[in-house]
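Given next are the chains, with one letter for each unit.
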Amino acid sequence: MGDRRTEDTAREHHGPDEELLRVIADAAADVARVERMRIEIEEGFDLLRGTEKAVSLFGSARARPDQPHYRLARSIGSGLADAGFTVITGGGPGVMEAANRGAVEAGGTSVGLGIELAHEQGLNAYLDLALDFRYFFARKLMFVRYASAFIVLPGGFGTLDELFEALTLVQTGKIHDFPVILAGSDYWGGLIAWLRERPAASGYLAPDDLDLVTVSDDADEIVRLVQAGWERQHGPEPTHGTV
Ligand SMILES: C/C(=C\CNc1ncnc2c1ncn2[C@@H]1O[C@H](COP(=O)(O)O)[C@@H](O)[C@H]1O)CO
């Protein structure tokens, strides 16, 4: 009924031919939009195909190199590279740059999946592989598809969005044995306490949902947690012994 009235109103103002042309133009724009999405996903897959051991790391675009969270991200990036993990970030400044920088400094592979934004910052200077995305959802698919763990450093809305998306995927069983590690207890402690006192206490989270996330301040421990998760997913790595 509502649709009929909208169509009638449109005809009164523009006439039936103009309205039909508008509907056809809208449909053509949607076809073009879907094709852009498909191409973007394909480009991401092409870029990352063959990436077998990787971690996605998130955190503030605004952290400065003299800040502790930048330093922590840099040493996590190095530790991951030493352990053979490719480091994937959003390719931007701040914590992303720090993790990519650490990975490059340790001789590892560093990936940046950037996002086109109105106030373009550009990709950071520490990337071996990079791609800029128009669609957040296509970019998020790459973060999950190629990683065996997520590490989340302090950040704002962007980081929180990535954290809760990851937790939702694990909670709903879309991904399994997938470590979600919060780096920086000073920053995340309050959020964990709130999740326990509000959503969990209200019954909106199961008590063991909070076990899906681990908090750590120690880069070495974080790398060990990531490695343990990888082995749960893939089996233990062969040791290169002398026998
Ligand atoms: C706002 C500023 C730079 C924006 N540049 C970004 N480049 C790449 N990825 C980004 C950028 N901004 C946000 N992201 C994504 O969200 C997370 C950080 O967001 P937050 O709001 O800063 O926490 C990050 O993990 C990216 O994936 C510089 O001032």
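What comes next is a walk through the structure. What you see is a predicted model, and the numbers here were worked out from it, not measured in a lab.

1. As for helix 7 (residues 185–200)
Note on helix geometry: an α-helix contains 3.6 residues per turn, so any two residues three or four positions apart are oriented the same way.
(1) Moving on: Compared with the 22 Å implied by 1.5 Å per residue over 16 residues, the 20 Å span of helix 7 between its first and last C-alpha is markedly short.
(2) Moving on: Trp-188, Leu-191, Ile-192, Leu-195, Pro-199 and Ala-200 are the residues of helix 7 that are buried.
(3) Moving on: Those residues of helix 7 hidden inside the fold are in contact with strand 5 (150–152), helix 6 (157–171), strand 6 (180–183) and strand 7 (213–216).

2. With respect to the site of the ligand
(1) Moving on: The environment of the ligand is made up of 18 residues, and the closest members are Arg-139, Gly-156, Gly-158, Thr-159 and Glu-162.
(2) Moving on: Between the ligand and Ala-61, the relevant distance is 3.0 Å, taken from an oxygen atom to a main-chain nitrogen or oxygen of the residue.
(3) Moving on: Here an oxygen atom of the ligand and a side-chain polar atom of Glu-162 are 2.5 Å apart.
(4) Moving on: Here the ligand has 600 Å² of accessible area as a free molecule, and 83% of this is covered by the chains.
(5) Moving on: If you tally residues by element for the shell around the ligand, the top one is helix 6, at four residues.
(6) Moving on: Broken down by class, the residue content of the shell around the ligand amounts to six nonpolar, nine polar and three charged.

3. Some thoughts on the packing of helix 5 (residues 136–145) against helix 6
(1) Moving on: Orientation of helix 5 relative to helix 6, taken along the N-to-C sense of each, is 55°, at an axis distance of 12 Å. Looking at the two axes, helix 5 sits oblique to helix 6. Classified by chirality, the crossing of helix 6 by helix 5 is right-handed. Contact with helix 5, carried on its side by Arg-139, Lys-140, Phe-143 and Val-144, involves Asp-161, Glu-162, Glu-165 and Leu-169 of helix 6 and no other residues of that element.

4. Notes on the packing of helix 6 against helix 7
(1) Moving on: Between helix 6 and helix 7, whose axes approach to 14 Å, the crossing angle comes to 45°. Judged by the angle between their axes, helix 6 and helix 7 are oblique. In this structure, helix 6 meets helix 7 at a crossing whose hand is right-handed. Across from Thr-159, Leu-160, Leu-163 and Phe-164 in helix 6, the residues of helix 7 making contact are Trp-188, Leu-191 and Leu-195.

5. As for the pattern of salt bridges
(1) Moving on: Counted according to the given criterion, the structure contains 13 salt bridges.
(2) Moving on: Among the ionic pairs, Glu-19 bridges to Arg-22, the shortest N-O distance being 3.1 Å. One end of the pair is Glu-19 and the other is Arg-22, both in helix 2 (residues 16–48) and three residues apart, which spans about a single turn.
(3) Moving on: Under the relative-accessibility criterion, Glu-19 is labelled buried at 10%.
(4) Moving on: Between Glu-105 and Arg-101 there is a salt bridge whose closest N-O contact spans 3.3 Å. In this pair, Glu-105 and Arg-101 both sit in helix 4 (residues 95–105), four residues apart, roughly one turn of the helix.

About the thresholds
Residues numbered from 1 in each chain as written. Predicted model: local features only at pLDDT ≥ 70, side-chain atom pairs only at ≥ 80, totals over all residues. Heavy atoms only, no water. Helix = DSSP H or I, 4+ residues; strand = E, 2+ residues; numbered from the N terminus. Expected span 1.5 Å × (residues − 1). Buried < 20%, exposed > 50% of the residue type's maximum accessible area, 1.4 Å probe, protein only. Contact = heavy atoms within 4.5 Å. Near = heavy atom within 4 Å. Polar contact = N/O pair within 3.5 Å; in protein donor to acceptor, adjacent residues only side chain to side chain. Areas by Shrake-Rupley, 256 points an atom, 1.4 Å probe, with all protein chains shown as cover. Nonpolar A, V, L, I, M, F, W, Y, C, P; charged D, E, K, R; others polar. Axes fitted to C-alpha atoms, helices over the stretch in contact; angles between N-to-C directions. Parallel < 35°, antiparallel > 145°, perpendicular 65-115°, else oblique. Left-handed = near helix turned anticlockwise from the far one by under 90°. Salt bridge = Lys/Arg side-chain N within 4 Å of Asp/Glu carboxyl O.

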